[in-house]
Amino acid sequence: MRAGAPRPVTVVDMRLHVVDHPLVAHKLTTLRDQRTDSATFRRLADELVTLLAYEATRDVRTEQVDIQTPVAQTTGVKLSHPRPLVVPILRAGLGMLDGMVRLLPTAEVGFLGMIRNEETLEASTYATRMPEDLSGRQVYVLDPMLATGGTLVAAIRELIRRGADDVTAVVLLAAPEGVEIMERELAGTPVTVVTASVDERLNEHGYIVPGLGDAGDRMYGAAE
Ligand SMILES: O=P(O)(O)OC[C@H]1O[C@H](OP(=O)(O)OP(=O)(O)O)[C@H](O)[C@@H]1O
Ligand SMILES: O=c1cc[nH]c(=O)[nH]1
Ligand SMILES: [Mg+2]
């Protein structure tokens with residue numbers, strides 16, 4: 001930002017939930033460790049998203065049902081219709097899909113393939129496969145890293161354009177810069193971000209510090 005320029009206004013209607021739990025912190029520390037191999041990284045990302053999903057689904061819509069137990073009649077709840085949609089952002093978000101749908105077995109799954117240009121840090125979309133009409137749907141978008149925020153802002157705009165009325169982003173790590181961009185660019189939209197940590201900052205290459213490096217590469221190997 002130019003010296004003397006007014007600070008951008010931060011509109012704080014986006015909900016940010018940083019999950020504070022010793023198991024989350026323990027798994028995240030091993031994920032960050034550069035000695036952790038790909039197989040362990042994938043397993044930990046899967047376990048971590050399940051813990052985050054517990055918080056992220058706190059407001060998942062349910063409806064009342066009557067059931068008969070072996071002992072008596074009672075009422076309970078089940079996940080309601082329309083079914084929630086889970087959207088992993090390829091590549092790295094794919095490593096979060098199983099952990100999320102384990103908790104949301106009735107969910108439908110859509111896919112967004114997005115890549116950040118490592119020079120300009122601009123995000124672009126190379127694949128989209130999800131329902132055109134998301135009216136009335138709760139959507140859970142999965143991406144391990146919220147860095148500059150370009151990827152998630154573009155993804156969430158597309159979900160809102162299709163009619164989603166409640167979007168929760170589940171991210172393993174966030175940078176404060178990305179959180180601020182989300183708050184500014186998505187002001188007035190019903191968005192919640194659930195994360196295991198908001199780290200210190202972005203470095204000059206747009207990587208989260210201390211972060212965990214390139215999530216996609218650590219899960220699947222360097223793409224090129
Ligand atoms: O907040 P941003 O600055 O937009 O950066 C975050 C994005 O960068 C990474 O994806 P990448 O482009 O490396 O693709 P990949 O998952 O295929 O590795 C990450 O998985 C996010 O999608
Ligand atoms: O730190 C970062 C930033 C963007 N994408 C990653 O995979 N890691
Ligand atoms: Mg990557």
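Conventions and cut-offs
- Residues numbered from 1 in each chain as written.
- Chains lettered and ligands numbered in written order.
- Predicted model: local features only at pLDDT ≥ 70, side-chain atom pairs only at ≥ 80, totals over all residues.
- Heavy atoms only, no water.
- UniProt positions renumbered as here; feature names shortened; annotations may be inferred.
- Near = heavy atom within 4 Å.
- Polar contact = N/O pair within 3.5 Å; in protein donor to acceptor, adjacent residues only side chain to side chain.
- Areas by Shrake-Rupley, 256 points an atom, 1.4 Å probe, with all protein chains shown as cover.
- Helix = DSSP H or I, 4+ residues; strand = E, 2+ residues; numbered from the N terminus.
- Axes fitted to C-alpha atoms, helices over the stretch in contact; angles between N-to-C directions.
- Parallel < 35°, antiparallel > 145°, perpendicular 65-115°, else oblique.
- Left-handed = near helix turned anticlockwise from the far one by under 90°.
- Contact = heavy atoms within 4.5 Å.
- Core = buried A, V, L, I, M, F, W, Y, C linked by side-chain atoms within 4.5 Å.
- Buried < 20%, exposed > 50% of the residue type's maximum accessible area, 1.4 Å probe, protein only.
- Nonpolar A, V, L, I, M, F, W, Y, C, P; charged D, E, K, R; others polar.
- Salt bridge = Lys/Arg side-chain N within 4 Å of Asp/Glu carboxyl O.

As recorded in an unreviewed UniProt entry, the protein goes by the name Uracil phosphoribosyltransferase, listed as coming from Streptomyces indiaensis. Check the Function (unreviewed entry) section of the UniProt entry for the protein; it says "Catalyzes the conversion of uracil and 5-phospho-alpha-D-ribose 1-diphosphate (PRPP) to UMP and diphosphate."

**Focus on the site of ligand 1**
If you check the shell around ligand 1, you find 16 residues, and the closest are R116, D143, A147, T148 and T151. Between ligand 1 and the protein, one listed contact pairs an oxygen atom with a side-chain N or O atom of R91 at 3.0 Å. The fraction of the free accessible surface of ligand 1 (500 Å²) that becomes covered by protein chains is 94%. Within the residue set of the shell around ligand 1, elements represented by two or more residues are β6 (111-116), β9 (145-146) and α4 (150-161). With three residues, the top contributor of residues to the shell around ligand 1 is β6.

**Side note on the packing of α4 against helix α5 (residues 176-185)**
Look at α4 against α5: their axes get within 9 Å of each other, and the N-to-C directions meet at 30 degrees. Classified by the angle between their axes, α4 and α5 sit roughly parallel to one another. Once α4 is placed against α5, the crossing between them reads as right-handed. Of the residues in α5, those touching α4 at L152, V153, I156 and R157 are I181, M182 and E185.

**A look at the nonpolar core**
Nonpolar side chains in soluble globular proteins tend to end up buried together. Residues L31, V86, M100 and V170 are the most contacted members of the largest nonpolar core, which totals 35 residues. Elements represented by at least two residues in this core include exactly α1 (22-32), α2 (38-56), α3 (97-103), β8 (138-142), β10 (166-174), β11 (191-198) and α6 (215-220). Tallying contributions element by element places α2 first for this core, with eight residues. If we skip the residues at most four places from it in the chain, M100 touches V49, A53, T57, V86, Y140, L142 and V170. The next biggest cluster of nonpolar side chains, apart from the first, holds 26 residues, and it includes M14, L134, V139 and A155.

**Let's talk about the site of ligand 2**
In the neighbourhood of ligand 2, the contacting residues comprise R116, M145, A147, G206, Y207, I208, G213, D214 and A215. For ligand 2, a nitrogen atom lies 2.8 Å from a polar atom in the backbone of G213. Separating an oxygen atom of ligand 2 from a backbone N or O atom of A215 is a distance of 2.9 Å. Contact with the protein chains hides 89% of the accessible area of ligand 2, taken as 240 Å² for the molecule alone. Across the shell around ligand 2, the residue classes break down as five nonpolar, two polar and two charged.

**Section: the pattern of salt bridges**
Summed over the entire model, instances satisfying the criterion amount to 18 salt bridges. Between R161 and E132 there is a salt bridge, with its nearest N and O atoms 3.3 Å apart. You can see R161 sitting in helix α4 and its partner E132 sitting in the loop between β7 (123-129) and β8, a full 29 residues away along the chain. Using a relative accessible area of 52% as the deciding quantity, one classes R161 as exposed. Shared partners join several salt bridges into a network, and the residues in it are E132, E158, R161 and R162.

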